[in-house]
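Observations on the three-dimensional arrangement
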Amino acid sequence: QWYLLNTGQSGGTPGMDLKMDQAWDITTGGITPGKDTIVLCIIDNGLDTSHQDLRPNLWTNRGEIPNNEVDDDKNGYIDDYFGWNSIRNNGQVSDANYHGTPVSGIAGARGNNAIGISGVNWNVNLISAKFFGANAATLEMAVRAFDYMTDLKSRHGINLVATNNSWSGGGYAQSLHDAAIRHAKADILLVAAASNQSADNDTTPRYPANL
């Protein structure tokens, strides 16, 4: 994990990293796993809810009974125990084999447990907003994923500090921009990938990074 502590082990320049060992000496999150003190949402294609290096850090909706097809907490989303699937409009966010699981691990896998990798924050609570899968996602699904998270913070008191959006594609859309503004007004930091195109985003914009 050279990006956390780069000693030149991958042929890179020693010291070119996030200095995470120094940050971890100060704090490794300071929260109790299972308590939604600090929440980070991974807006992606779901995550593996059974993964042993992620499971202790998964946010759970304590007002919801999973998989009973009832909106137990009356928040407008049925079975959103680990998050929300805006493709199927249900709480089925688990996906073991694709992009969202490694992204979640980079952000928030448990650290110092001799399992897998260490996330940037060892104790953050992760919530999933799934809006794409095997088939291409639609703009409407992305907007619904944004708005689900904004709603949880605005109306239900979830201390969501940021959403991670390691995806891009398509041109500018006012509806997505409006959803990002609603995010910002709820004091949610929107972090987005610059894409994999090796292009200058100032001249070749990619969304949502360029919103």
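This structure is a prediction, so every number in the text was calculated from the model and none was measured. (Residues numbered from 1 in each chain as written. Predicted model: local features only at pLDDT ≥ 70, side-chain atom pairs only at ≥ 80, totals over all residues. Heavy atoms only, no water.)

Moving on, we come to the sheet that holds strand 1 (residues 39-44). Strand order across the open sheet formed by five strands is 2-3-1-4-5, with parallel pairing between neighbours. The open sheet terminates on both sides in strands that have one partner only, identified here as strand 2 (83-85) and strand 5 (189-192). Across the sheet, the axes of successive neighbouring strands diverge by a mean angle of 20 degrees, strand direction being ignored. Pairing between strand 1 and strand 3 (residues 125-130): six bridges, direction parallel. Within strand 3, the position partnered with Asp 44 by the bridge is Lys 130. (Pairing = 2+ DSSP bridges. Helix = DSSP H or I, 4+ residues; strand = E, 2+ residues; numbered from the N terminus. Axes fitted to C-alpha atoms, helices over the stretch in contact; angles between N-to-C directions.)

Right, let's get into the pairing of strand 1. The buried fraction of strand 1 is high, at six of six residues. In strand 1, alternate side chains face the same way, and those of Val 39, Cys 41 and Ile 43 on one face and Leu 40, Ile 42 and Asp 44 on the other are all buried. Examined bridge by bridge, strand 1 and strand 4 (residues 160-165) share four bridges and lie parallel to one another. When the sheet's bridge partners are listed, Leu 40 is paired in strand 4 with Ala 162. (Buried < 20%, exposed > 50% of the residue type's maximum accessible area, 1.4 Å probe, protein only.)

So, about the packing of helix 3 (residues 139-156) against helix 4 (residues 174-185). Orientation of helix 3 relative to helix 4, taken along the N-to-C sense of each, is 10 degrees, at an axis distance of 9 Å. One finds that helix 3 runs roughly parallel with respect to helix 4. Facing helix 3, whose interface residues are Leu 139, Ala 142, Val 143, Phe 146, Asp 147, Met 149 and Thr 150, helix 4 presents Ser 175, Leu 176, Ala 179, Ala 180, Arg 182 and His 183. Across the contact of helix 3 with helix 4, the residue classes tally to eight nonpolar, three polar and two charged. (Parallel < 35°, antiparallel > 145°, perpendicular 65-115°, else oblique. Contact = heavy atoms within 4.5 Å. Nonpolar A, V, L, I, M, F, W, Y, C, P; charged D, E, K, R; others polar.)

A few words on the packing of aromatic side chains. Each aromatic ring pair is summarised here by two numbers: the centre-to-centre distance and the angle between the ring planes. The tally for this structure, following the rule as stated, stands at 10 aromatic pairs. Each ring, one from Phe 131 and one from Phe 132, has its centre 5.0 Å from the other, and the planes form 85 degrees; the classification is edge-to-face. An aromatic cluster is present here, built from Phe 131, Phe 132, Phe 146 and Trp 167 joined pairwise through their rings. (Phe/Tyr/Trp six-rings, centres within 6.5 Å; stacked < 30°, edge-to-face > 60°.)

It is worth stressing that arrangement in space is one thing and function is another; only the former is reported here.
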